[in-house]
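Here is what each chain is made of, one letter per residue.
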Amino acid sequence: MTHSPAAVRRLLDDHGLAARRDLGQNFVADPNTVRKIAALAGVGPGDRVVEIGAGLGSLTLALAETGAAVTAIEVDRGLTVALGEIVGELANVDVVSADVMTIDWHELLAGAPHVVVANLPYNIATPLVCDLLDDVPAVERLVVMVQREVAERLAAAPGSGAYGAVSVKVAYWAAARIVAHVPAAVFVPRPRVESAVVDIVRRPPPDVDPEHLF
């Protein structure tokens, strides 16, 4: 079971919480959207998934339904408590309270292959994706929902209007494509921008030192 808009608002009220603008919090409140993202990730029993910015667990629950082992990371301590209660009975979900911009990824993943599936906060999406591609080879794939303009830059091809340094970096490490568009109406609170889901699949890097590219 995943969360409706009414359920998200009720959970926030029950725990004395509100969406924090400084953390870019917008909670997905549409079961069809989160199940679609989980399906696009193509994960299931035997797979290891890291969810970043798990919030109130809308996407966490959809990922858990697939049978994958889910590590749900949340930086907001209040949300971590609520999330622990929401997924507490699920044996395949582990809740971690941490800042993904400073976490020791190598310790967390222990070198095992993982898929990152997340509704990324807008303010960290680009640097986080680039850092994971640069420094965390255990992350073999990312299926992330981001602001539409960010998605277009991550997946842009040479010659397109969105193409730039970020596009070059992503293309050095991986193949990226936009696989879904998500309207603002599925979030609580509703953001002023639309979102898109990007599928980023790591590949062996070419024999070119990235220091000479960026």
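Everything discussed here concerns the structure shown above.
Analysis parameters
Residues numbered from 1 in each chain as written. Predicted model: local features only at pLDDT ≥ 70, side-chain atom pairs only at ≥ 80, totals over all residues. Heavy atoms only, no water. Helix = DSSP H or I, 4+ residues; strand = E, 2+ residues; numbered from the N terminus. Rg over C-alpha atoms; globule rule 2.2 N^0.38 Å. Buried < 20%, exposed > 50% of the residue type's maximum accessible area, 1.4 Å probe, protein only. Contact = heavy atoms within 4.5 Å. Lys, Arg positive; Asp, Glu negative; His and termini not counted. Charge placed at Lys NZ, Arg CZ, Asp CG, Glu CD. 1 Å grid on protein atoms, 1.4 Å probe; cavity = no way out; pocket = protein on both sides within 12 Å on 5 of 7 lines; lining within 4 Å. Points joined across faces, edges and corners; volume = space filled by probe spheres on them. Nonpolar A, V, L, I, M, F, W, Y, C, P; charged D, E, K, R; others polar. Pairing = 2+ DSSP bridges. Right-handed = clockwise from strand over helix to strand, strands pointing away. Phe/Tyr/Trp six-rings, centres within 6.5 Å; stacked < 30°, edge-to-face > 60°. Core = buried A, V, L, I, M, F, W, Y, C linked by side-chain atoms within 4.5 Å.

**Student:** I'd like to hear about the overall build of the chain, residue by residue, with values.
**Tutor:** Tallying secondary structure elements over the chain gives eight helices and nine strands in all. Since a compact globule built from 214 residues should have a radius of gyration of about 17 Å, the 17 Å found for the chain is in line with a globular shape. Viewed in the frame of its principal axes, the chain has a C-alpha envelope of about 50 × 35 × 30 Å. Across the 214 residues of the chain, 48% fall into the buried class. Counted over contacts in the chain with a minimum sequence separation of 6, partners at least 24 positions apart contribute 69%. Separation between the mean location of the 17 positive side-chain charges and that of the 26 negative ones in the chain comes to 8 Å.

**Student:** Let's hear about the layout of surface pockets: which residues, and what values?
**Tutor:** The rolling of a water-molecule-sized probe over the atoms marks out the regions of remaining empty space. Its volume calculated, the largest pocket comes out at about 460 Å³. As for the largest pocket, its lining consists of 32 residues, of which L23, G53, E74, N119 and P121 are closest to the centre. Mapped by element, the contributors of at least two residues to the lining of the largest pocket are β1 (27-28), β2 (48-52), α3 (58-65) and β3 (69-74). Across the lining of the largest pocket, the residue classes break down as 20 nonpolar, nine polar and three charged. As a volume, the second largest pocket reaches approximately 300 Å³. Surrounding the second largest pocket, A19, R20, R21, G24, Q25, N26, Y122, N123, P189, R190, P191 and R192 form its lining. Tallied by class, residues from the lining of the second largest pocket come to four nonpolar, four polar and four charged.

**Student:** Outline the pairing of β2, listing residues and values.
**Tutor:** Within β2, four of the five residues are buried, which leaves the element mostly enclosed by the surrounding structure. Pairing analysis gives five bridges linking β2 to β3, with the strands arranged parallel. Counterpart to V49 in the pairing with β3 is V70. Note on the crossover from β2 through α3 to β3: the handedness is right-handed. Strand direction decides the pairing type here: β2 and strand β5 (residues 114-119), joined by two bridges, are parallel.

**Student:** Just give me the short version of the packing of aromatic side chains, but keep the residues and values in it.
**Tutor:** Inspection of every chain in the model, using the stated rule, returns one aromatic pair. A centroid spacing of 4.9 Å and a plane angle of 90° characterise the contact between Y172 and W173, whose relative ring orientation is edge-to-face. Of the residues examined, Y172 reaches a relative accessible area of 7% and is grouped as buried. With a relative accessible area of 13%, W173 lands in the buried category.

**Student:** For the nonpolar core, give the residues involved together with the corresponding values.
**Tutor:** By size, the foremost hydrophobic cluster in this structure holds 34 residues, and its most contacted members are I52, W105, V116, L120, L132, L142 and V146. Where this core is concerned, the elements lending two or more residues are β2, α5 (105-109), β5, α6 (125-135), β6 (139-147), α7 (148-155), α8 (165-173) and β9 (195-202). Of the residues forming this core, the biggest block, five residues, is contributed by α6. Apart from the residues lying within four places of it in its own chain, the contact partners of V116 are V50, I52, L132, V139, R141, L142, V143 and V144. Among the nonpolar cores identified, the runner-up in size contains 28 residues, and A54, L59, A62 and V93 belong to it.

**Student:** Describe unusual backbone geometry, listing the residues and the values that go with them.
**Tutor:** Peptide bonds are mostly trans, and most non-glycine residues show a negative phi. Cis rather than trans, the peptide bond between V188 and P189 has omega equal to -10°. Within the secondary structure, P189 is located in the loop between β8 (187-188) and β9.

Purely geometric stuff here, so don't read any function into it on its own.
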